[in-house]
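Below, each chain spelled out in residue letters.
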Amino acid sequence: MEYMKEPVAPSQGSILCCQCGIPIPPNPANMCVACLRTQVDITEGIPKQVMVHFCKQCERYLQPPGTWVQCALESRELLTLCLKKIKASLSKVRLIEASFVWTEPHSKRLKIKLTVQKEVMNGAILQQVFVVEYVVQPQMCDDCHRVEAKDFWKAVVQVRQKTLHKKTFYYLEQLILKHRLHQNTLRIKEIHDGLDFYYGSKQHAQKMVDFLQCTVPSRSKSSQRLISHDIHSNAYNYKSTFSVEIVPICKDSVVCLSPKLAQSLGNMSQICVCIRVTSTVHLIDPNTLQIADIDGNTYWRHPFNSLFHPKQLEEFIVIDITRVQERKQGAGAGMRSNRHTLAEAWVQKTSEMNTDHQYFCRTHLGHLLNPGDLVMGFDLANCNLNDEFANKMNPHNVPDVVLIKKSYDRIKRQRRRNWKLKELDRDREGMDTDDERQYQDFLEDLEEDEAIRRNVNIYKDSKIPVESDTDEEGAPRISLAEMLEDLHISQDATGGEGSDMMTQ
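Residues numbered from 1 in each chain as written. Predicted model: local features only at pLDDT ≥ 70, side-chain atom pairs only at ≥ 80, totals over all residues. Heavy atoms only, no water.

### Considering the packing of aromatic side chains
The line we're drawing: Any two rings among Phe, Tyr and Trp, with Trp reduced to its six-membered ring, count as a pair given centres within 6.5 Å; such a pair is stacked if its planes are under 30 degrees apart, edge-to-face if over 60, and tilted if neither. Secondary structure elements follow DSSP: runs of H or I of four or more residues count as helices, runs of E of two or more count as strands, with numbering from the N terminus. Residue exposure (1.4 Å probe, protein chains only): buried if accessible area is under 20% of the type maximum, exposed if over 50%, otherwise partly exposed.
Overall, the coordinates contain 10 aromatic pairs when judged by the stated rule. For the pair Trp 153 and Tyr 198, a centre-to-centre distance of 5.4 Å together with 65° between the ring planes defines the contact as edge-to-face. In this pair, Trp 153 is assigned in the loop between α3 (142–149) and β9 (155–161) and Tyr 198 in strand β11 (residues 194–199), connecting sequence segments 45 residues apart. Judged by centre distance (5.2 Å) and plane angle (75°), the rings of Tyr 170 and Tyr 439 are edge-to-face. Of this pair, Tyr 170 sits in helix α4 (residues 167–179) while Tyr 439 sits in helix α10 (residues 433–448), and the two are 269 residues apart along the sequence. The same class applies to Tyr 170 and to Tyr 439, which are both buried.

Following this line, the structure appears as structure tokens:
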């Protein structure tokens, strides 16, 4: 008799299922999986069809009790929102896996495949896979209700500027678009001397006021009116009004400073030209190239007005021009501009070419002007200045002509302008001829001033062919590197035509 040297491998015995009688490995229930599923349903109590609410206007889903969230299709956020709808029912089982099942975009159905486990009779653990269908029910959110009502608002921001030119408003519009401050507005209304922004909450209106005070020199004040009052809950319903007044100075305005303000800015001349309006008013002295920045607080302490209306600009032709060497600055003088060149020029009105009347002036445009060029300017020698500071000045210190900017052919500039700007969606009666002219002035200012272009989103215009950056007239242009591509979403992720999910 021989002994086996190798150990005997243990073998697992089989038992018969107590229901169907087939041999199975031993388990605490003594039943096969098929019979166990017929006896026990671990998904009992979990709803197989659930309803979710979707706002078609803003494309957000309702997360109970009253929160609306933005979720993309088959995203982690949407999966979390759907599982929270059946969270109470899933507390009795163990969730192993959850994933989306693809459905047609227009079916208004979302399907999620769930894998759950649960301990059943005698400690046996049963795992089951099933699908929960979510029916998308359209429902308008409170914010969209207010937008559709158009008259429901809690706060309004009234932006005003007491001037006849809208250059500052056009610049402010581009800043609002770039920083997306218009997204929370219920309505934007354009009136004669400003804009009204309507909001559904006071916090959004306060955010707009803070933005305006940081981007343009202005001052603001607020008020509120009681609409209703609940004496039982001591709840008050107010409508708030914020009034923002922008300084009445625009780009290319000629101003006359008070003697005290001119002295505090480094003994600069009282007659100055506004070259830019951003968060401060940028002034330049055409006699010395001295520059100064005036913020909103300084302006309201020492207010001054524009001497001329933009329609009073006259066209001059440069007869002769001589660059002036930099002179030594006096004591206490401020900074001088490095972007401009001081020059002495003899000019003549194009409307007086049949006479010999010429004007002598100093200008800050020496780097742009040459004999024979056309330039726009204001005639101070033949006008009535209705300004308290200008009337008190020594006549010898008042220049005969103040040159503002070089003149180019506007029709050619419009024809070759291969870029465009976006506009706010606002209520307005229509753009008249004067508004169109002012808007063209603003577009030309963007081409001429690089500092303003940094704060504006400029988009390529695909309808106009791209030309060379060189120009025989030397008119300033915006390079392609400074332009953005205008995005148009026309296809979905599958490559077909773009479709709005569940908006029909």
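### What about the confidence of the model for the protein chain?
Quick reminder of the rule: Confidence scores here are pLDDT values: one per residue, from the predictor, ranging 0 to 100. The criterion used for residue contact is that any of the two residues' heavy atoms lie within 4.5 Å.
With 87% of its residues at a pLDDT of at least 70, the protein chain reaches an overall mean of 82. Of the regions scoring below 50 in pLDDT, residues 488–504 engages in 27 contacts with residues more than four places distant in sequence or in other chains.

### Comments concerning α10
Where we set the bar: In a helix, the anticipated span is given by 1.5 Å times the number of residues less one.
Look at α10: 23 Å from first C-alpha to last across 16 residues, which is about the 22 Å you get at 1.5 Å a residue. Within α10, the full set of buried residues consists of Asp 435, Gln 438, Tyr 439, Gln 440, Asp 441, Phe 442, Leu 443, Glu 444, Asp 445, Leu 446 and Glu 447. Residues of α10 that are buried make contact with α4, β22 (401–406), α9 (410–415), β23 (419–420) and α11 (450–453).

### A word on a nonpolar patch on the surface
Filter applied, for reference: Residues form patches when they are more than 30% accessible in relative terms and have no salt bridge. Like charges link within 9 Å. Nonpolar side chains (Val, Leu, Ile, Met, Phe, Trp, Tyr) link within 5 Å. For the accessible areas, the method is Shrake-Rupley and the probe is 1.4 Å, while residue cover comes only from the protein chains on display. Any carboxyl oxygen of Asp or Glu that lies within 4 Å of a side-chain nitrogen of Lys or Arg is treated as forming a salt bridge with it.
Where nonpolar side chains cluster on the molecular surface, the patch consists of Leu 226, Tyr 236 and Tyr 238 and spans about 290 Å² of accessible area. Position of Leu 226 among the secondary structure elements: in strand β12 (residues 218–230).

### Things to note about the pairing of β11
Here is the rule: When DSSP finds two or more bridges between two strands, those strands count as paired.
With six of six residues buried, β11 lies mostly within the body of the structure. The alternating pattern of β11 places Gly 194, Asp 196 and Tyr 198 and Leu 195, Phe 197 and Tyr 199 on opposite faces, both of which are buried. With six bridges connecting them, β9 and β11 associate as antiparallel partners. Looking at β11, one finds that Val 159 is bridged to Leu 195. Taken together, the six bridges between strand β10 (residues 185–191) and β11 define a ladder with antiparallel strand orientation. Bridged to Ile 191 within β11 is Gly 194. Hairpin geometry of β10 and β11 is characterised by an intervening segment of two residues between the two adjacent antiparallel strands.

### Some points on the nonpolar core
The tendency in soluble globular proteins is for nonpolar side chains to be buried side by side. Stated formally: Residues grouped as a nonpolar core are buried Ala, Val, Leu, Ile, Met, Phe, Trp, Tyr and Cys residues, joined through side-chain atoms within 4.5 Å.
Among the nonpolar cores identified, the biggest contains 53 residues, and Val 157, Phe 197 and Leu 257 are the most heavily contacted of them. A per-element tally of this core places α4 first, with seven residues. Excluding anything up to four places from it in sequence, Phe 197 contacts Ala 155, Val 156, Val 157, Val 159, Ile 176, Thr 185, Arg 187, Ile 188, Met 208 and Leu 424. Ile 46, Leu 79, Leu 126 and Phe 130 belong to the second-largest nonpolar core, a separate cluster that totals 33 residues.

### Considerations on the environment of Glu 190
Which entries qualify depends on this criterion: Polar contact is defined as a pair of N or O atoms within 3.5 Å, subject to the rule that within protein one atom must be able to donate a hydrogen and the other to accept it, and that residues adjacent in sequence are counted only when both atoms are side-chain atoms.
Locating Glu 190 in the fold gives a position in strand β10. Apart from residues lying up to four places away in sequence, Glu 190 is in contact with Lys 166, Leu 195, Arg 426, Asp 427 and Arg 428. Among the polar contacts listed, one links the side chain of Glu 190 to the side chain of Lys 166, at a separation of 3.4 Å. Polar side-chain contacts of Glu 190 include one of 2.8 Å to the side chain of Arg 426.

### Quick word on α4
A rise of 1.5 Å per residue sets the reference length of α4, with its 13 residues, at 18 Å; its end C-alpha atoms lie 19 Å apart and thus fit the reference within 8%. Buried residues dominate α4, accounting for 11 of its 13 residues. A positive phi of about 55° marks Arg 180, the residue just after α4.

### Side note on the pattern of salt bridges
With the rule as written, the count across this model stands at 22 salt bridges. The partner of Lys 167 in a salt bridge is Asp 445, and the shortest N-O contact between them spans 3.1 Å. Within this pair, whereas Lys 167 is found in helix α4, its partner Asp 445 is found in helix α10, the two being separated by 278 residues in sequence. For the pair Lys 167 and Asp 445, a shared accessibility class is recorded, and that class is buried. The partner of Arg 413 in a salt bridge is Glu 448, with the nearest N and O atoms 3.4 Å apart. Here Arg 413 is found in helix α9, whereas its partner Glu 448 is found in helix α10, with 35 residues between them in sequence. With relative accessibility at 3%, the residue Arg 413 sits in the buried group.

### Points about the side chain of Arg 417
Mapped onto the fold, Arg 417 is located in the loop between α9 and β23. By relative accessible area, Arg 417 is classed as buried at 7%.

### Looking at the pairing of strand β3 (residues 49–55)
Two strands pair when backbone bridges link them, and β3 and strand β8 (residues 125–138) are joined in this way by six bridges, in the parallel orientation. Across the sheet, residue Gln 49 finds its bridge partner in β8, namely Glu 133. Count of turn residues in the β3/strand β4 (residues 60–63) antiparallel hairpin: four residues, of which Glu 59 carries a positive phi of about 55°.

### As for the sheet that holds β9
What counts is decided by this rule: Structural elements are reduced to axes, namely lines fitted to C-alpha atoms, with helices fitted over the stretch in contact, and the angle between N-to-C directions of any two is expressed from 0 to 180 degrees.
Read across the sheet, five strands follow the order β10-β11-β9-β13-β12 without closing on themselves; strand pairing throughout is mixed. Since the sheet does not close on itself, it has two edges, and those belong to β10 and β12, each with one partner. If you compare each strand with its neighbour and ignore which way they point, the axes differ by 15° on average. Strand direction decides the pairing type here: β12 and strand β13 (residues 235–246), joined by 12 bridges, are antiparallel. Opposite Ser 223, over in β13, you have Thr 241 as the bridge partner. Along the sheet, α4 contacts β9, β11 and β13; its crossing angle with β9, the most-contacted strand, is approximately 140°.

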